[in-house]
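Single-letter residue listing:
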Amino acid sequence: MSDSVALQHVSPYAFEAMQKVDVVCLAALSDPELRLLLPCLVRMALCAPADQSHSWAQDKKLILRLLSGVEAVNSIVALLSVDFHALEQDARKEQLLRHKTGGGNGESVLVSQLQHGLTLEFEHSDPLRRLRLALSELLAIMNKVADSNGEFFLKSSELFESPVYLEEVADVLCILQAELPSLLPIVEVAEALLHVRNGDWFLCLLVANVPDSFNEVCRGLIKNGERQDEESVGGRRRTEALRQLCQMNPSQALNVRAMVVEACHLPGLGVALTLDYKLDTADDAVSPLVSFVSGLLLGTNSKVRTWFGLFIRNGQQRKRESSSVLWQMRRQLLLELVGILPRSRSTHVPNDSEGDVSAGTICSGLREEHVVKASALLRLYCALMGIAGLRPTDEEAEQLLQLMTSRPPATPAGVRFVSLSFCKLLAFPTLVSTPEQEQLMVMWLSWMIKEEEYFESAAGVSASFGEMLLLVAMYFHSNQLSAIIELVCSTLGMKIVIKPSSLSKMKTIFTQEIFTEQVVTAHAVRVAVTNNLSANITGFLPIHCIYQLLKSRAFTKYKVSIKDWIFRQLCETSVPLHTQLLPLIDVYINSILTPASKANPEATNQPITEQEILSVFQGLTGVSVLQSHITAQHSLVISKHCKEQRSAKTATLNSKTLMQKKPKSYSSTLMDQIPIKYLIRQAQGLQQELGGLHSALLRLLATNYPHLCMVEDWICEEEITGTLPLLRRMLLTSSTRKYSQKQLQEAFCTLPSSGPRLMQMLEYLTLLSASDLIPYAEALTSSMSLLLSNGVSRRVLQTVNKLWMVLNTVMPRRLWVMTVNALQPSTKLFRQQKYTQNDLMVDPLIVLRCDQRVYRCPPLMDITLHVLNGYLLASKAYLNAHLKETADFDRQSQTISSLGLAGQPDTPEVTREELKNALLAAQDSAAVQILLEICMPTSEEQQQGRSAESLLKGISCGPTNVKTEEGDEMEVGSWAGHATDEEPERGLLSDLREVQCLICSLLHQMFIADPNIAKLVHFQGYPQALLPLTVAGIPSIHICLDFIPELLAQPQLEKQIFAIQLLSHLCTQYALPKSLSVARLAISVMGTLLTVLTQAKRYSFFMPTLPCLGAFCQAFPPLYDDVIALLVQVGQVCASDVATQARDVDPIIARLQYLKERPVEAVAVMSSTPSLPDELHCTDPAVQLCYRIEATFMDIISSSLRGE
């Protein structure tokens, strides 16, 4: 649209004056400038104003004075004098007519037949006819635009092309739009003006006379514009028109550019406005063009990125034109690039007539104020080439290479520039095309290697380009080209497509000329560790290089020790944890355990020594808790991997395989000194800062130390670290009196007289956190035996128990050992026998060989049971680890002894596993049996009235004779019908009862964890007097219903008796369908045994089992018939035995028959008739059995009558 260049345009000064209605500025305009604004000014002077203020009245007078000397005002006044309402009516009629005729140039309502051309008619017409002529022409163009379906056309109009009448036509156009806004919307008028010559000039005048419509017009033109403006004539005309508007109102140029980006239309306009936008910026500031294009290509909006990338690609397909916006942009970018190059490299500014710009090979430094600008230019060219597909010219490629191989100052920005330049070389290796350029690149890379250490120290940054060089070299050596591409993309901050094949030249240079693998490995060890390594340090660090070298096994291949470097880096770690640290530990441990090749089993890295690990946990200065966490994880991981290490299982092992190096492992002494549980707790509170360290430690803990992962411990820890304990600790002010360990020990020694003072100290300790309580652990545990004396307050015992549980969350293993040693009997304490951690894991039952008084002290018994459960789990883990550690040696010995004997089975391993399982089962069952024995009352408790009858009152279902510890036979329990409420309830809340509850709770957990323990214990059996306690106190004992049929099938009579007695209690406690079926089986078994047992065995079997039939009937009434039939059958057998001895048993037989036929009357009669003395004191087993049958009958009938 260069046809309007010679015309007078509205200046930015004039437009601003019109926009602000600044009359003083308007008065300063020249006559040609004022002439363009007359339509608006005349309407302003003639029309009645909405502003009735005095100031506007004065301004209006000034406007009238200003217009009084302009001749063209008269013609505009005449234009405003016509009847616009009638004109609008005629215009709408013409629109309807054009619509009916299909938009043809037929008869017009506004204009009659023209006698002459449109220009002559316009010249000789009065104002009304001029308005009609212009309106008719404009409506015709607008209708054609509406019918064009977006196809651009250029309308030849004599009225809009004649240079003589352009100003008059512009006046008419402005008046028409101002007076007929509904007929002529300004956006549609602006769209129509794009299709005539001088349309941009008319458009600027129209907007200048209606300045408030600037944004509306620009937004409308952009919305209706093309997605790619340089592809068509219409797009270029639209871009030029908008560009002229922004030149008239430069303050809105950036807003218009934002509209362009928002609509994703007219990309050339956005670039052109940026080129037109002149901003006084500093020399080191990034130019607006670089910022704008970088924002488009590197922003987060993928739609905008694709749109602008298409503009770049399409623009390259056209012939290079100086008028093209794309080539103007490239020219400007090249000028900026050349402007920041060192003078020795760029001696002149290129122009279009010159060819490629050659530069000298003199190495010069980049000025510090240009470094940031250079980095921005590099990223922009990377985005243009990688995202938008820009193909650089030879001139651009040469200048880019010169910039990339510049040597910046040693600043953080300089480090960033070198990293970007290096990644750009990797991303676009085609920039290096000649041998001279390749030599220049090699020299620059050598300079990077040489100056890397200086840059890192001088710039004060932890992440330098040296680590990136090492990392890329390692990737090239291991042929991990995809990793290099990912590294380049992450450094450049953009996702670009890089073909792996394009890196072949760079790979050759790196692997053969600059970095051989041995050089890389030797150099990596000398790299200093990163001080205070954390996730806050970004970029590529030495840890990335070491990780890749460990992963490729380069250190073991070239026998370079990396242990010291890794240990130093672990000790130089802070929170938040760096994401590469945990993978580094894992790959390092893998390199310790797994040889680099089968041919060389010795090719492994050395682990961190035990002395170095201990130095971390011995409180050395400068060692943080985090370093302890990481080193603990290192030692735990190595221990775990060593325990799982296995040699290859092959049928034939040669001598070299048999001599394989034994896997490395840390000693148990070292692992005992690491405060694992304390570290876990600390890591739990720093999970966000430590990343995955907490979960990794938990995984290792559950694998190697299951006894430290007991559920009750986690629940207890939640209670200790909850809100209530935190609020209590807030009471611990600085004025609170503090107590020493010595004072606590003295208070314990003077018990019970020092009870109140000791309680005060213990209450103070409950306010401390678990870590602050650790110094008092020795005093607390060593004084536990003193708490067993008489007169010690229960509150003291409970507080000690609470403090012990708190300490158990941070130092369980050491606390357990101290507790076991402190609770030993006085005889052992006198001999100074101290158990170790290993002793207790080998034999957990040592825990129960404590002072007998602990068995009747519930708070201390709770602690003992907790320790016992822990060591039972620890013993399992210990035996499993021992089995795995020695399995390889035994297998190799077996292989050596069986060389040449094909097909010999590998039985020893199976036998070892079975022996281990048998040992664990015996160990667990022994612990259960001892605990059950503790539940039995002692002789003293029986004499004091706390016998089993009182403790288990109301639970027993029948009387039975049980031998006491002295060998006397006593009757335990009572018939259900004889229980009274007069017996006192003492004993139900006694110490024994509380201990029984604690033991039952532990047994419940053990049975849930391993149901086989419950089966083994019940196959072994235990006193029948404990059955009411175990059935009622152990909820999980119902699993015994699964194996009672198997127990009934055992040949031993004692096991069958125990099974029936156990079943009777289970039926009463769990009246389930399964219990009913097992009870039927038991009755059937009893009937079968009745026919096969001898008289002596029959007495031994039925005397204790007949009372159980009452429990069966009470739980399951449908069993009455089967039970009564069995009782009668047993009675008949007994009667026949008595008859053979010539005894008169007719009264008994008669009573049994009477009981069976008329149970209700029989009970009434027999209850009122006392038993005969000879019946009560008869020693004949058959007679006693008959009496027991009768008693069972009475029990069943009585219970059924009570149930009614």
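Residues numbered from 1 in each chain as written. Predicted model: local features only at pLDDT ≥ 70, side-chain atom pairs only at ≥ 80, totals over all residues. Heavy atoms only, no water.

When you go through the chain residue by residue, the secondary structure sums to 65 helices and two strands. Counting across all 1204 residues of the chain, residues that qualify as buried make up 52%. Look at the contacts in the chain between residues 6 or more apart in sequence, and 73% of them connect residues 24 or more apart. Carbon and sulfur atoms form 54% of the exposed surface of the chain, whose accessible area is close to 55,000 Å². (Helix = DSSP H or I, 4+ residues; strand = E, 2+ residues; numbered from the N terminus. Buried < 20%, exposed > 50% of the residue type's maximum accessible area, 1.4 Å probe, protein only. Contact = heavy atoms within 4.5 Å. Areas by Shrake-Rupley, 256 points an atom, 1.4 Å probe, with all protein chains shown as cover.)

We now examine the pattern of salt bridges. Inspection of the entire model under this criterion finds 25 salt bridges. With its nearest N and O atoms 2.8 Å apart, the salt bridge here joins D564 to K563. Judged by relative accessible area, which is 13%, K563 ranks as buried. A salt bridge links R853 to D851; the shortest N-O distance between them is 2.9 Å. One network of salt bridges, with partners in common, ties together R35, E167 and D171. (Salt bridge = Lys/Arg side-chain N within 4 Å of Asp/Glu carboxyl O.)

It is worth spelling out the confidence of the model for the chain at this point. The predicted model of the chain has a mean per-residue pLDDT of 78, with 79% of residues at 70 or higher. In this model, residues 636-661 is a region of pLDDT below 50 whose contacts with residues beyond four sequence positions or in other chains number 43 contacts. Confidence drops under a pLDDT of 50 for residues 946-987, and excluding neighbours within four residues, the segment shows 81 contacts in the predicted structure. (pLDDT = per-residue confidence, 0-100.)

This part is about helix α16 (residues 253-263). One turn of the α-helix equals 3.6 residues, which is why residues spaced by three or four share an orientation. Those residues of α16 that sit buried are A253, V256, R257, M259, V260 and V261. Residues of α16 that are buried make contact with α14 (214-223), α15 (233-248), α17 (267-276), α18 (288-298) and α19 (302-317). Phi turns positive, to about 55°, at C264, one or two residues after α16.

Moving on, we come to the packing of helix α60 (residues 1095-1115) against helix α61 (residues 1120-1140). Their axes nearest at 11 Å, the elements α60 and α61 cross at an angle of 155°. As far as their axial angle goes, α61 and α60 are roughly antiparallel. The two elements α60 and α61 meet at a crossing, and its hand is left-handed. Touching Q1095, R1098, F1102, L1106, L1109 and C1113 of α60 are Y1120, V1123, L1126, L1127, V1130, V1133 and D1137, all from α61. Partitioned by chemical class, the residues of the contact of α60 with α61 number 10 nonpolar, one polar and two charged. (Axes fitted to C-alpha atoms, helices over the stretch in contact; angles between N-to-C directions. Parallel < 35°, antiparallel > 145°, perpendicular 65-115°, else oblique. Left-handed = near helix turned anticlockwise from the far one by under 90°. Nonpolar A, V, L, I, M, F, W, Y, C, P; charged D, E, K, R; others polar.)

Let's shift gears to the side chain of T1192. Inspection of the secondary structure assignment puts T1192 in helix α65 (residues 1181-1203). With sequence-adjacent residues up to four places away left out, T1192 is seen in contact with L1106, P1107, L1109 and L1127.

Side chains of F152, L154 and V233 sit close together on the surface and give an oily, nonpolar patch of about 240 Å² of accessible area. With respect to the element layout, V233 can be found in helix α15. (Patch = residues over 30% accessible without salt bridge, like charges linked within 9 Å, V, L, I, M, F, W, Y side chains within 5 Å.)

As for its position among the elements, S375 is in helix α21 (residues 371-386). Among the residues examined, S375 registers a relative accessible area of 10% and is labelled buried. Ignoring anything within four residues of it in the chain, the contact list for S375 reads A413, F417 and L420.

Before going further, it helps to examine the environment of M448. Among the secondary structure elements, M448 is positioned in helix α24 (residues 435-459). Note: C-alpha distance between M448 and F422 (26 residues apart in sequence) is 9.6 Å. Every residue in contact with M448, bar those within four places of it in the chain, is listed here: V418, F422, F465 and L469.

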